[in-house]
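Residue-level structure breakdown
In case you want the letters, here they are:
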Amino acid sequence: MLLNAEILLQYQRCQRRAFLDANGDLSQRDPISDALHRVIQEKFAYQKFVLAQYNYQQPEYPKNDWEAGTKATLELMQQGVECIYKGVILAPYSEDITLLSRPHLLIKQQGHSKFGDWVYIPANIQLSKRPKLEYQIVAAFDAQMLAISQLADPPTALLILRRTDAYEVSLSKWIPLMHLSVEECIRTLNSLEIPEVFISRQKCNFCGWLPQCYAEAKATEHLSLIPGVTPSRYSDLQTIDLVTLEALARANPDQISTLPSFEGKSAQQLVLQARSTKLNSPIILPFGSAYEIQQTLPTQTSQTVLRDLLQSRYLPLKPESLIAPIELYFDIEAQPDLNLDYLLGVVVCNRLTNTEKYYAFLAESQAEEQKAWQQFLDLIAQYPQAPVFHFCPYEVDTVKRLGKLYYTPPEQISLLLARFIDIYDQVAYNVVLPTESYALKTLARWLGFEWRNPEANGSQSILWYDKWLETGDRTLLDAIVQYNEDDCLATRHLKDWFVGFLQNS
Ligand code: SF4
């Protein structure tokens, strides 16, 4: 078996994935998605950018002939070239396991090795801004392989990350951990038993095994599908044998709250979450003390104070406060790499005339962002009393950013933001829903709302916008606008449901 850095890296992220990549039926793995393709392209572009700063040589060998690659790399090291791109180091680990290291760069430094008065250190280029655990394990792996081939320990290993100086990995700390990890990884890959599924959006979203894993998690009511169950909480729950939905739904929160990964009211909330899922029914959080706080406020409490309180999380509005003659629903599409908010979308809902109208303020290029911002401000100014509903803090942050960028008077921004009501806060901090997450898509779909294009999502919208910039194809802009309108309408759907639910509870 060939164990390379990629397998080791995937193993740190998900043992099951490393196992399936090595032993699974690869025809069952989903092809690379457009979103992942984009990340890979970005990664290559960044590597190219970094490599342009090095004068490197590359070993030449027949494709996938790692022995020839190792020989060619050692020759370059023997010559003492300054920098080697995609060097290859192959080394036996045991009778049936061979290790393969291919760091992005091997950089020559002063020192002593079998080649002479120089040593090489490994460097890997990553898109991430943080030296994640898996990158440090791989850096330690590459350093150890290099130590074997040059008969000298590299003094360090570098991670060339995005927007930071090169990060020096502490080899004394990470090499022992890497050895443990390699041993565990080999044991797992050789085992007959597939590692347990654990669905975590962050790690699973780009994984080709997701449909298969998700089906299994769903069929077994796996706790990783319950919002709030993190890997560390799951490990803690295992120690007290709470590993099924049924058991968690019946559990006493006091028993859970003593576990290290739980704090405050999270144990109670998790049990309620499990109950809600089991019953497929929403539950009002009993410690929605914010609601009680509001009941205790003097009746003469000023609107300004109320508004200030409403900006803080945990404080729900009275249901009737979430209804106004005219309501605005606001959603933004952005391209983070360009630092561009290219679409400010608003649905104006007039309850008196029972009509609604969608407005799309679109920047067809970076240069048009200011115009879209001004058009948005002009529309909002027509409805000075209307609350502005949105989902999550991005809209608030963006209004602050655009206000600063385009010199909108700060008082105007303050007045505008005082009208903003985050429906996510209202829902997530006051009720528990039988959903797998509290994302807008999940919540609205649970309520029966459907996006006209089921494939549309935030990442897809960015891809469409990038393609629009490349090709000038207006159908891509139409798709973005339709998606944004549906996001605004989904926010309205959720808000209306929330109000009705509170009124009827
Ligand atoms: S979908 Fe998730 S749990 Fe399944 S293999 Fe991929 S990363 Fe692991």
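Just so it is clear, the structure is predicted and the values come from calculations on it, not from any experiment. (Residues numbered from 1 in each chain as written. Predicted model: local features only at pLDDT ≥ 70, side-chain atom pairs only at ≥ 80, totals over all residues.)

1. So, the overall build of the chain
Put simply, the rule reads: Here a helix means four or more residues in a row that DSSP labels H or I, a strand means two or more in a row labelled E, and each is numbered from the N terminus. Remark: C-beta atoms are placed from the backbone, and a residue is labelled buried if 20 or more other C-beta atoms sit within 10 Å of its own, exposed if 12 or fewer do, or partly exposed between those counts.
Helix and strand counts for the chain stand at 21 helices and 15 strands. When each of the 505 residues of the chain is scored for burial, the buried share is 32%.

2. Notes on the site of the ligand
Applicable threshold: Put plainly, near means the residue's C-beta atom, positioned from the backbone, lies within 6 Å of the molecule or strand in question. Under the convention adopted here, Pro, Cys and the residues Ala, Val, Leu, Ile, Met, Phe, Trp and Tyr are nonpolar, Asp, Glu, Lys and Arg are charged, and Gly plus all remaining residues are polar.
In the region of the ligand, 13 residues are neighbours, and Cys14, Arg17, Cys204, Cys207 and Cys213 sit closest. When contributions to the shell around the ligand are tallied by element, the ones reaching two or more residues are α2 (15-23), α7 (201-204) and α8 (210-219). It is α2 that provides the largest number of residues to the shell around the ligand, a total of 3 residues. The class makeup of the residues in the shell around the ligand is 10 nonpolar, no polar and 3 charged.

3. Let's talk about the sheet that holds strand β3 (residues 89-94)
Heads up, the condition is: Strand pairing is defined by DSSP finding a minimum of two bridges between the two strands. For helices, the fitted axis covers only the stretch in contact; all axes are lines through C-alpha atoms, and the angles between them, taken along N-to-C directions, range from 0 to 180 degrees. A residue pair is marked as a contact if its C-beta atoms, positioned from the backbone, fall within 7 Å.
One open sheet holds the 3 strands; their spatial order is β1-β4-β3, and the pairing between them is mixed. Bordering the open sheet on either side are β1 (2-4) and β3, each of which pairs with just one other strand. Between one strand axis and the next, the sheet turns through 30° on average, direction left out of account. Bridge count between β1 and strand β4 (residues 97-101): 3 bridges; the pairing is parallel. Residue Leu3 lies in a different strand from β4, and its bridge partner there is Leu99. Sheet strands in contact with helix α4 (residues 66-79) are β3 and β4, and its direction is about 120° off that of β3. Strand contacts of helix α5 (residues 133-150): β3 and β4, with the helix running at about 95° to β3, the strand carrying the most contacts.

4. Things to note about the domain arrangement of the chain
Using the following cut-off: Throughout, the edges of the domains are those of an automatic or database domain assignment.
Taken domain by domain, the chain comprises domain 1 (2-190), domain 2 (221-281) and domain 3 (299-504). Computed over C-alpha atoms only, the centres of domain 1 and domain 2 are separated by 39 Å.

5. A short note on the nonpolar core
In a soluble, globular protein the nonpolar side chains are often hidden away together inside. Here is the rule: To form a nonpolar core, buried Ala, Val, Leu, Ile, Met, Phe, Trp, Tyr and Cys residues must be joined through C-beta atoms within 7 Å.
The biggest cluster of nonpolar side chains holds 55 residues, and the ones touching the most others in it are Tyr329, Leu344 and Val346. The leading source of residues in this core is helix α21 (residues 474-504), at 8 residues. If you look at the next biggest cluster of nonpolar residues, it comprises 52 residues, including Ala139, Ala143, Ala157 and Leu158.

6. Regarding the packing of helix α1 (residues 5-13) against α5
Stated formally: Working rule for angles: under 35 degrees goes down as roughly parallel, over 145 as roughly antiparallel, 65 to 115 as roughly perpendicular, anything else as oblique. Here a crossing is taken to be left-handed if its near helix is turned anticlockwise relative to the far helix by less than a right angle, and right-handed if that turn runs clockwise.
Two elements in contact, α1 and α5, have axes separated by 9 Å at closest approach and are oriented at 150°. With respect to each other, α1 and α5 are oriented roughly antiparallel. The crossing of α1 and α5 is right-handed. Between α1 and α5, the contacting residues are Ala5, Leu8, Leu9, Gln12 and Arg13 on the first element and Leu133, Glu134, Ile137, Val138, Phe141 and Asp142 on the second.

7. Quick notes on the confidence of the model for the chain
Put simply, the test is: Note on scores: pLDDT gives the predictor's confidence for each residue, bounded by 0 and 100.
On average, residues of the chain score 92 in pLDDT, and 94% of them are at 70 or above. Segment residues 310-314: pLDDT under 50, and 7 contacts once partners within four positions in sequence are set aside and those in other chains are kept.

8. Observations regarding unusual backbone geometry
In this model, Asn64 sits at a positive phi of 65°, which is unusual for a non-glycine residue. If you trace the backbone, Asn64 turns up in the loop between α3 (34-51) and α4. The exposure class assigned to Asn64 is exposed, which follows from the 7 C-beta atoms found within 10 Å. Within the chain, Asn280 stands out as a residue other than glycine whose phi angle is a positive 50°.

9. Quick word on the pairing of strand β6 (residues 116-125)
Rule in force here: We call a crossover right-handed when, viewed with both strands directed away from the observer, the connection leading from the first strand over the helix to the second proceeds clockwise.
With 7 of its 10 residues buried, β6 lies for the most part within the structure. In this sheet, β6 lies alongside strand β5 (residues 105-113) in antiparallel orientation, the contact comprising 7 bridges. Note that in β6 the partner of Lys108 across the bridge is Tyr120. Adjacent in sequence and paired antiparallel, β5 and β6 are bridged by 2 residues. Here β6 pairs with strand β7 (residues 157-160) via 3 bridges, running parallel. Its bridge partner being in β7, Ala123 is matched across the sheet by Leu158. Handedness of the crossover joining β6 and β7 through α5 is recorded here as right-handed.

10. Some words on the packing of helix α16 (residues 394-405) against helix α17 (residues 410-417)
Contact geometry of α16 with α17 gives a least axis separation of 10 Å together with a crossing angle of 165°. With respect to α17, the element α16 is oriented roughly antiparallel. In this structure, the crossing between α16 and α17 has a hand that is right-handed. Across from Val396, Val399, Lys400 and Gly403 in α16, the residues of α17 making contact are Ile413, Leu416 and Leu417.

11. Things to note about the sheet that holds β7
Here we have 5 strands laid out as an open sheet, ordered β2-β5-β6-β7-β8, and mixed in their pairing. In this open sheet, the two edge strands, each paired with only one partner strand, are β2 (83-85) and β8 (167-169). Across the sheet, the mean angle separating the axes of adjacent strands is 35° when strand polarity is ignored. Taken strand by strand, α5 contacts β5, β6, β7 and β8, and its axis lies near 155° from that of β6.

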